[in-house]
Amino acid sequence: MSQAEIYQTHVDSLVSGNQIYSDMRPQWQYLLESYIGGESYRDGSHLTRYNLEQEQEYNQRLHIAHLDNHVQGVTNVYNSFLFRQEPTRDLGSLSNLPEAEEFLKDANHEGESLNVVMKTAAQWSIVFGHCWLILTKPNVGALTRADEMVIGARPYLNIITPLSMLDWQYTRTPSGKYMLNYIKYVEDVNGDVQVIKEWTEEEIKTSTVRTEERKPVLIDSQTEVNQLGKIPCIPVYSKKGLVRGVGTSDVNDIADAQRRIYNLYAELEESIRLDSHPSVVMTPDVVGGSSGPGSIIQVPNDIDPQLRPYLLSYDGASVKSILESIQEIVESIDKMANIGGVRARETRTLSGAALETEFQLLNARLAEKADNLETAEEQLWRCFCMYYGRTWDGYIDYPGSFNIRDTQTEYQQLKVAKETATDPKLLRIVDERLVELLDEEPSEVLDDSTAEQLPQPQTEMTHEPMTSADGMVAHMREMIEQGYTNEQIKELHPEIAGFFEG
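Scope of this entry: the structure provided in the associated data block. All values derive from a computational prediction rather than experimental measurement.

## With respect to the overall build of the protein
- Secondary structure summary: the protein contains 18 helices and twelve strands in total.
- Put simply, the protein has 502 residues, and 38% of those count as buried.
- Sequence-distant contacts in the protein: of pairs separated by 6 or more residues, those separated by 24 or more amount to 62%.
- Summing over all exposed atoms, the protein offers an accessible surface of approximately 28600 Å²; the carbon and sulfur share of this is 49%.

See the structure below:
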């Protein structure tokens, strides 16, 4: 069922949330398997089964099928751009709080910094459409902050994927704001034992259950007071969906295209194998019948000529046509994800205008994700302040522009302009653009061979002091033609100022 259908059918079922989870769980499981690949994807049986195909034959095709994991590739490309620059954080009044400094360095009590945790949250939100961040501070019964610092009790983060968030509820306040007032999620899984937590605005309930024959059996249950009075759980969206608490995955359609490629690779293997080793049609009493290379088939001398073995040739799709279909799907994936310019191959050329348009679309998509991450982290810091009775007065700034440019193409265009231009003003503009490119990505723009081809500054001119206006004009014109800048002319001839003052 699509998100649109869920919205129409279950828009009023946010009170329980269970129905939405039940409807979306198969799709989330499919996206998870598509991202992880390997055994998880193989066990998901995403390979189309033939009619009347036996289990042994199907399992054999499963083990030889090759997965080209585009879901993981697209996710990694997005994440690499999003966190190429670290976000800017001004913690305001929290700057002098030791717990805040520790939180930045180790956000989840597993040695991962806040940047690493947010990068992981962005990764899962791209795959599923959203994930959840919950900020927990253990209640150790300490009376003072000094006691908490000795014990090491401070807020820490947990990432909850949609598959682990079993239930959630939103209520609308009189002011019109939606507030999360109930969540239920699986915190830990150890074999058949699961730890399930339930949060309300008043209390936190921790249950340990054992799943026996898919029926949970309660082992232990503990309840504590929610010291915040609210649920410190924030959804991190990649793109907001129609259902509150459910995002729209960036790789939904890419996962379907990846499954088509997966099945085409299986067909490719079958085509090569059947074309190389045709099937043999023979009677049961033929000795040593086999279609393998170099096989020997022995038949009786008096066998009926009509019963002699013969080869059944394969007349299916050619290998070339299958490979062409795969290539078309890969190009379709690049278009859907707006990463054709990033993943361009040598055999595929794009015009400058097409590349620029694709980069702009990708930049807009990444900017939207950065804004959602920025919003989620600001909400996290507000919850952090509540644990210490403070008000959030800082700000978080994620990069809003990712400056995705084809620097090599720009450099080649500027190089041609440099060689053909004669106007000193135009040459100066080209030089400024070259310097801009060099400062941005010097290792990708110039190597030693191309650097030697750039015009070198002229240093053989003599610069006698200028004593007349006519001499000044002639000498300045010559210096401009040789490529001297305004600053260099002023430095070499300070007496110019006297002419203009006169």
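## Let's talk about the sheet that holds strand β6 (residues 193-200)
- The strand order across the open sheet built from five strands is β4-β5-β6-β7-β8, with neighbouring strands paired in antiparallel fashion. Pairing within the sheet leaves two strands with one partner each, and these edge strands are β4 (165-172) and β8 (215-225). With strand direction ignored, the average angle separating the axes of adjacent strands in the sheet is 15 degrees.
- Pairing analysis gives ten bridges linking strand β7 (residues 203-212) to β8, with the strands arranged antiparallel. Pairing of E203 across the sheet is with V225, part of β8.

## Here's the deal with the environment of I489
- Residue placement: I489 occurs in helix α17 (residues 486-492).
- The class of I489 is buried, set by a relative accessible area of 4%.
- Taking C-alpha positions, I489 is 9.8 Å from H463, a pair spaced 26 residues apart along the chain.
- Once you skip the residues sitting within four places of it in the chain, I489 turns out to touch M479, I480, Y484 and I496.

## Brief notes about helix α4 (residues 55-64)
- Here α4 has its buried residues at Y58, R61 and L62. Seen from one end, α4 has its buried residues packed into an arc of 105 degrees, which puts them on one side. Exposed and facing more than 90 degrees away from the buried side of α4 are Q56 and H63.

## Quick word on the nonpolar core
- L94, L157, W168, I183, W381 and F384 are the most contacted members of the largest nonpolar core, which has 83 residues in total.
- Considering every element that reaches this core, the biggest residue donor is helix α11 (residues 352-387), with eleven residues.
- Not counting residues within four places of it along the chain, the set of residues in contact with L157 comprises F103, A107, N108, L114, V117, L133, I134, L135 and L380.
- One finds Y41, L47, Y58 and L62 within the second-largest nonpolar core, a separate group that totals eight residues.

## Observations regarding the sheet that holds strand β9 (residues 233-237)
- If you walk across this open sheet you meet the three strands as β3-β2-β9, and the pairing is antiparallel. Lying at the two open borders of the sheet, with one neighbouring strand each, are β3 (156-160) and β9. If you compare each strand with its neighbour and ignore which way they point, the axes differ by 25 degrees on average.
- The pairing of strand β2 (residues 130-136) with β3 spans five bridges and is antiparallel.

Thresholds applied
Residues numbered from 1 in each chain as written. Predicted model: local features only at pLDDT ≥ 70, side-chain atom pairs only at ≥ 80, totals over all residues. Heavy atoms only, no water. Helix = DSSP H or I, 4+ residues; strand = E, 2+ residues; numbered from the N terminus. Buried < 20%, exposed > 50% of the residue type's maximum accessible area, 1.4 Å probe, protein only. Contact = heavy atoms within 4.5 Å. Areas by Shrake-Rupley, 256 points an atom, 1.4 Å probe, with all protein chains shown as cover. Pairing = 2+ DSSP bridges. Axes fitted to C-alpha atoms, helices over the stretch in contact; angles between N-to-C directions. Arc of directions from axis to C-beta. Core = buried A, V, L, I, M, F, W, Y, C linked by side-chain atoms within 4.5 Å.

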